[in-house]
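One letter stands for each residue in the lines below.
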Amino acid sequence: MAVGKSVKRIDAVAKVTGRARYTEDFFEPDMLTAKYVRSTIAHGRVTAVNTDKARQIEGVEAVFTYEDVPQTTFATAGHPMALSEVHKDVEDRLLLTRDVRFMGDEIAIVVARNELAASEAAGLVEVEYETYDPLIDPEDILAQDARPIHEGRSNIVGEHNYTFGGDVDQAFDQADHVVEGRFATAMVQHCQLENHIAHAYMDDLDKIVIVSSTQIPHIARRIVGEALGMPLSRIRVIKPFLGGGFGNKQDVVLEPMVAFLTLKLNGRAVQINMTREECMLCTRNRHPFYIDVKTGVMNDGTLVARDMDAISITGAYASHGHAIAAAGGSKQSSLYPKAATRFHARTLYANIPVAGAMRAYGTPQVIYALECATEDAARKIGMDPVEFRLKNVARQGDINLLSNKEILSCGLVECLERGRDFIDWNRKKKDYEQFKTGPIRKGLGVACLSYASGTYPVCVEIAGSRIALNQDGTVHVLVGATEIGQGSDTVVAQMVAQTLSFPYEDVLVVQAQDTDVTPFDTGAYASRQAYVVSNAVFKAANQLRDRILAHAGIMTDEDPKHLDIVNARIVDNRTSEAVMDMKTLAIDSFYHKERGGQLTAEISYKTTTNAPVFGCTFVDVTVDIPLCKITVNQIINVHDSGVIINPVQAAGQVHGGAFMGLGAALSEEFLIDPESGYVYNNNLLDYKFPTFTDVPPLNHDFVETFEPTSGYGNKALGEPPVVSPPPAIRNAVLDATGICINTLPMSPHTLFSAFKSHGFLDGKGGQHV
Amino acid sequence: MFNIETHIKAGSVQEAISLLMENPNARLIAGGTDVLIKLREGKPAFRHLVDIHGLAELNGIEKLPDNTLVIGSGTTFTQAIESDIIQTHIPILTDAAGSVGGPQIRNVATIGGNICNGVTSADSASPLFSLNALLSLQGPDGTRHLPIADFYKGPGRVDLGPGEILTAIRIRPEDYEQAFGYYYKYAMRNAMDIATIGCAVCLKTSGGTLTDYRLAFGVAGPVPIRCREAEKAVKGHPLTPALLEKIAATVVRDVNPRTSWRASKEFRLNIITELSKRATKKALTRAGEELS
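Please read these numbers as outputs of a predicted model, since none were measured by experiment.

## Remarks on the overall build of chain B
When helices and strands are counted, chain B shows 13 helices and 14 strands. Radius of gyration (C-alpha) of chain B: 19 Å, near the 19 Å computed for a compact globule of 292 residues. Taken along the three principal axes of its C-alpha coordinates, chain B extends 60 × 50 × 30 Å. For chain B, restricting intrachain contacts to residue pairs at least 6 apart in sequence, the fraction spanning at least 24 positions comes to 64%.

Next comes the structure, spelled out in structure tokens:
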């Protein structure tokens, strides 16, 4: 049984020995390098570009400006094509732009024989601007007379409103208490290990090959076709090993440009390899949110009403746009399904870097506000925050009133109970009573989360799998599921091994994706991969199993119903005796002159369910008031993600997510000058991504439920662990200090302001605690 | 890729001095952890390099017969951390060296480079200020010795004449014997970060009083500084909790932090006063003293 075991990652040895090949490891003869010329202002219009000096640099092959690119706008979001207008992505981007919308916008591009020449020449391209005031603050963006950041479009990219669970106003009227809060989250970045990189070349007169570090090879293929006005079939996208994405590569960033350049340069290979600074400033990041929350609660601890009003900032271009706020808002209906709830959200353009998809897609912002507000409501009525949640959270059999679907698996109550035990909540609550005054304080915090296992019914959920029996009795699997480091190839192999009853080692997964070859799947995002591929794999493996047994029946003259596969052998299920091994069967199927054939199975399957997942974080913190520092002494994430296919890989996902959550909670933010739109810290020194020395030991636990809509009982896990640490830490800091810090990150600077305004520190070096 | 036009490897300090005199535009490179960053940013001032990386005569830590400690300027932070001499006599420098960057940086970055880079946040600078370190500067006209406090001329500017090279850092026995120190680095991260404030304390005690007290800060002004007012105020002070309050109350007169996008003046001031107390307390603990 391969499912449920911590088998070794299928690519572990290739990666640790350095043999795994990433995009940068592929070379083409005479490959050229391209460097963007980026705007030095945040808002304006180019009045003149002079490329003469740049063209004189030795090694420069070409310079293109906004005048040279196709004038059809395209959408970059890595979404499946939407057949309905409602879900269509915003087409607001050109390959190069004359209208400048953030500091770093792409005005021209230099192609040269090497990086130095390209960089030097890019620095010599002279640009003149007409400048406008940067629009950064939501109030300025929404002002009546605000200049549209995109001509002919509103600065509001999207807006929507929904209610569920009854009359919200009436529920507030009847509530014993109404608690209000205003929350703000920061723009943070994925900081995936491998920066964005892609190259393209032509291997025929009308065919472009793109090698790219992407989460969405099939979608990238379509969007490149749209951007260049070329038929999709003439574009081939190859995805080698990836050094992570976290959503930053669920967007088409470099692919249309490298394709355009090779087309312009007679098919010669051209590569764009972004620096870390470029990657941080000019790819995608997380939408900052401003959220007002109102919570209605009864004296007995029943949560009766909730009203949330959110503003989400998408920056200079829509990218995933309003989908982020919509997706984030939809998660509360599976977490607290009984309260009458209203959600209103608007997504705005701004003259700051572009926000897009990032791990958990709007949910960290919404759940942060929701779980801080939930804490404040529990405290208002003097109820233990864990008890309060236990009373109100979803249970199996509840109806998610937004989707009108029954929650078929839910282990959240047990998650909370296990987390409470682990952190030793009841004992520490008492012990920490003596740490509520003085310079060093201690506290405990909790926060819950819910998430989804894909994007249905907003988007199509399609997965493909092809399995072929090899002549040596092993199988090769092709999936459209996109391995980006998260481990999907390994769990696919486990699933196939489980259903075929093959040893895990006998299941080989074709790693590189090639859109000319691999079955269609929309890619790695939405924590969908293992969930949506599970049904395609389950069905394909069963189909192959039937074909293998049918061939065994022909070979042995037995009715296949008396035959079975056990550990890659054909077994007579009446006697449990082995009939033949898989290699014997495979050789016969390939080479017998009259019977058999290559035994394969192929399934393309659309998932029309979307299982909610649940989890929580418990933390124990110390707050050093004079030094304005929070130390997380202990943290645990407990998750219900259904059946855990590979416990060690799953633990890795949880630890990685908690790590990112800790960064967002305590230190990470883009520092943007409010006047000019300049980003001060688009580098890993000044952007305070935590190091290993900054995080405590990370703990995890799983409450394994069985999800009936999934091929193997599994649900989403990739994104959820990032969601609940920030509100849990905020709630613990509140427990320790009595202060609600409603802005992320809770950096020393944020704490200093809060402690100063509460009179703990006087700002002149003195303290009053 | 770096745009390096000339790179000449010097075989000795004397040769490096000659090469610098022959190429007035050339800059020295040792560990390269500052120079390569500037080259990566495309700074043209660093395209001509005289390389002193790995020169044996710049490397090493020794204790002279008169007990003076001599640290070669080419000593890496890792070598400093692992040095028995430093651990035994001036562990404040072990604290500081261990707080620099990450392991890879510490393996190549040199103490001399850290000082000559001239930045206020250099982790080795404020401890060396508190140790009254003397810098040995060798140039075409011979060698001179300069107190480190006189070396810093302004942000990024140090007192190095044409062809001059910092060869060693000397610490005299009267400055470290029976003295106890502590370096407290306050940064936004525990590793891979530059100091928001760096605080170095070196002190001596006798008979329940503070007999010598040297307090230095990084990032509390445009260059590393000594806090002469605070030092004067508490020399001879009994070892009571009031001592710390006195230091905190006086230190604000010595420092001049500024507001930048990295931190506000108010925030830095708050950290400076708190660190002056905490670092002093840690140094007293090392001295085996308790405040009572």
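## With respect to the packing of helix α12 (residues 241-251) of chain B against helix α13 (residues 265-286) of chain B
What describes two packed helices is the angle between their axes and the distance between those same axes. All names here are of chain B. Look at α12 against α13: their axes get within 8 Å of each other, and the N-to-C directions meet at 145°. When you trace α12 past α13, the crossing you get is right-handed. Seen from α12, the contacting residues are L244, I247, A248 and V251; seen from α13, they are I272, T273, S276, K277, T280 and K281. Each residue belonging to the contact of α12 with α13 can be placed in one class, and the counts come to 5 nonpolar, 3 polar and 2 charged.

## Side note on the domain arrangement of chain B
Residue and element names in this part refer to chain B. What the domain assignment lists for chain B is domain 1 (6-47), domain 2 (63-172) and domain 3 (180-286). Taken together, the 12 residues of domain 1 in the interface contact 16 residues of domain 2. Partitioned by chemical class, the residues of the side of domain 1 that touches domain 2 number 8 nonpolar, 3 polar and 1 charged.

## Details of the confidence of the model for chain B
Across chain B, pLDDT averages 97, with 100% of residues at or above 70. The ipTM value of the predicted complex is 0.96, and its pTM value is 0.97.

## Quick look at the interface of chain A and chain B
Contact with chain A, which involves 21 residues of that partner, is made by 20 residues of chain B. Of all the elements in the fold, those that place two or more residues in the side of chain A that touches chain B are α3 (115-124) and α20 (748-757) of chain A. For the side of chain A that touches chain B, the residue count by class is 9 nonpolar, 8 polar and 4 charged.

## Some thoughts on unusual backbone geometry
Glycine aside, residues mostly have negative phi angles, and peptide bonds mostly take the trans form. Residues and elements named next belong to chain A. Following Y456, the chain continues into P457 via a peptide bond in cis, with omega recorded as 10°. For P457, the position within the fold is in the loop between β18 (440-451) and β19 (462-469). Residue L744 is joined to P745 through a cis peptide bond whose omega torsion reads -5°. One can find P745 in the loop between α19 (725-737) and α20. Not every positive phi belongs to a glycine, and D557 is a case in point at roughly 65°. Note on placement: D557 falls in the loop between α16 (529-556) and β23 (563-566).

## Describing the pairing of strand β15 (residues 340-349) of chain A
Residues and elements named next belong to chain A. Of all the 10 residues making up β15, 9 are buried; the element is thus mostly covered by neighbouring parts of the structure. Strand direction decides the pairing type here: strand β7 (residues 156-164) and β15, joined by 8 bridges, are antiparallel. Looking at β15, one finds that T163 is bridged to R342. Inspection of the sheet shows strand β14 (residues 303-315) paired to β15 by 10 bridges, in the parallel sense. Pairing of D309 across the sheet is with H344, part of β15.

## Topic: the sheet that holds strand β13 (residues 289-297) of chain A
Residues and elements named next belong to chain A. One open sheet accounts for 5 strands, arranged β7-β15-β14-β13-β8; its pairing is mixed. The sheet is open, and its two borders are formed by β7 and β8 (177-184), each paired with just one other strand. On average, each strand axis in the sheet is inclined to that of its neighbour by 5°, with strand direction left out of account.

## Notes on helix α11 (residues 363-380) of chain A
Its 18 residues place the ends of α11 of chain A 25 Å apart at the C-alpha level, agreeing with the 26 Å of an ideal helix rising 1.5 Å per residue. Just downstream of α11 of chain A, G382 of chain A is the residue with a positive phi angle, here 70°.

## Some points on the domain arrangement of chain A
Split into domains, chain A comes out as domain 1 (31-132), domain 2 (289-455 + 609-757) and domain 3 (462-606). Computed over C-alpha atoms only, the centres of domain 1 of chain A and domain 3 of chain A are separated by 46 Å.

## Notes on the environment of V722 of chain A
Residue and element names in this part refer to chain A. Along the chain, V722 falls in the loop between β29 (698-702) and α19. The sequence separation of V722 and R268 amounts to 454 residues, and the corresponding C-alpha distance is 42 Å. Among residues more than four places away in sequence, those in contact with V722 are R359, A360, P364, G657, M660 and G661.

## Examining the sheet that holds strand β10 (residues 165-171) of chain B
All names here are of chain B. Spatial ordering of the open sheet is given by β4-β5-β10-β6-β7, a layout of 5 strands whose pairing is antiparallel. With one partner strand each, in any of the chains shown, β4 (61-63) and β7 (142-147) form the two edges of the open sheet. Ignoring strand direction, the axes of neighbouring strands in this sheet form an average angle of 25°. With 6 bridges connecting them, strand β6 (residues 134-139) and β7 associate as antiparallel partners. Residue pairing in the sheet places L135 in a bridge with L146 of β7. Against the sheet, helix α1 (residues 13-22) makes contact with β6 and β10, and its axis sits at roughly 135° relative to β10, the strand it touches most.

## Concerning the environment of A242 of chain B
Residue and element names in this part refer to chain B. Along the chain, A242 turns up in helix α12. Note on A242: 12 C-beta atoms within 10 Å, which makes it exposed. Residues A242 and I86, 156 residues apart in the sequence, show an inter-C-alpha distance of 32 Å.

## Things to note about α13 of chain B
Between its terminal C-alpha atoms α13 of chain B stretches 31 Å, which fits the 32 Å expected from 22 residues at 1.5 Å a residue. Most of α13 of chain B is tucked away, with 17 of its 22 residues classed as buried.

## So, the packing of helix α18 (residues 647-666) of chain A against α19 of chain A
All names here are of chain A. With their axes 8 Å apart at the nearest point, α18 and α19 run at an angle of 50° to one another. Classed by the angle they form, the pair α18 and α19 counts as oblique. The two elements α18 and α19 cross, and the hand of that crossing is right-handed. Residues A658, G661, L662, A664 and A665 of α18 form the contact with α19, whose participating residues are P725, P726 and I729. Counted by class, the contact of α18 with α19 contains 7 nonpolar, 1 polar and no charged residues.

Definitions and cut-offs
- Residues numbered from 1 in each chain as written.
- Chains lettered and ligands numbered in written order.
- Predicted model: local features only at pLDDT ≥ 70, side-chain atom pairs only at ≥ 80, totals over all residues.
- Helix = DSSP H or I, 4+ residues; strand = E, 2+ residues; numbered from the N terminus.
- Rg over C-alpha atoms; globule rule 2.2 N^0.38 Å.
- Contact = placed C-beta atoms within 7 Å.
- Axes fitted to C-alpha atoms, helices over the stretch in contact; angles between N-to-C directions.
- Left-handed = near helix turned anticlockwise from the far one by under 90°.
- Nonpolar A, V, L, I, M, F, W, Y, C, P; charged D, E, K, R; others polar.
- Domains from an automatic or database assignment.
- pLDDT = per-residue confidence, 0-100.
- Buried ≥ 20, exposed ≤ 12 C-beta atoms within 10 Å, placed from the backbone.
- Pairing = 2+ DSSP bridges.
- Expected span 1.5 Å × (residues − 1).
- Parallel < 35°, antiparallel > 145°, perpendicular 65-115°, else oblique.

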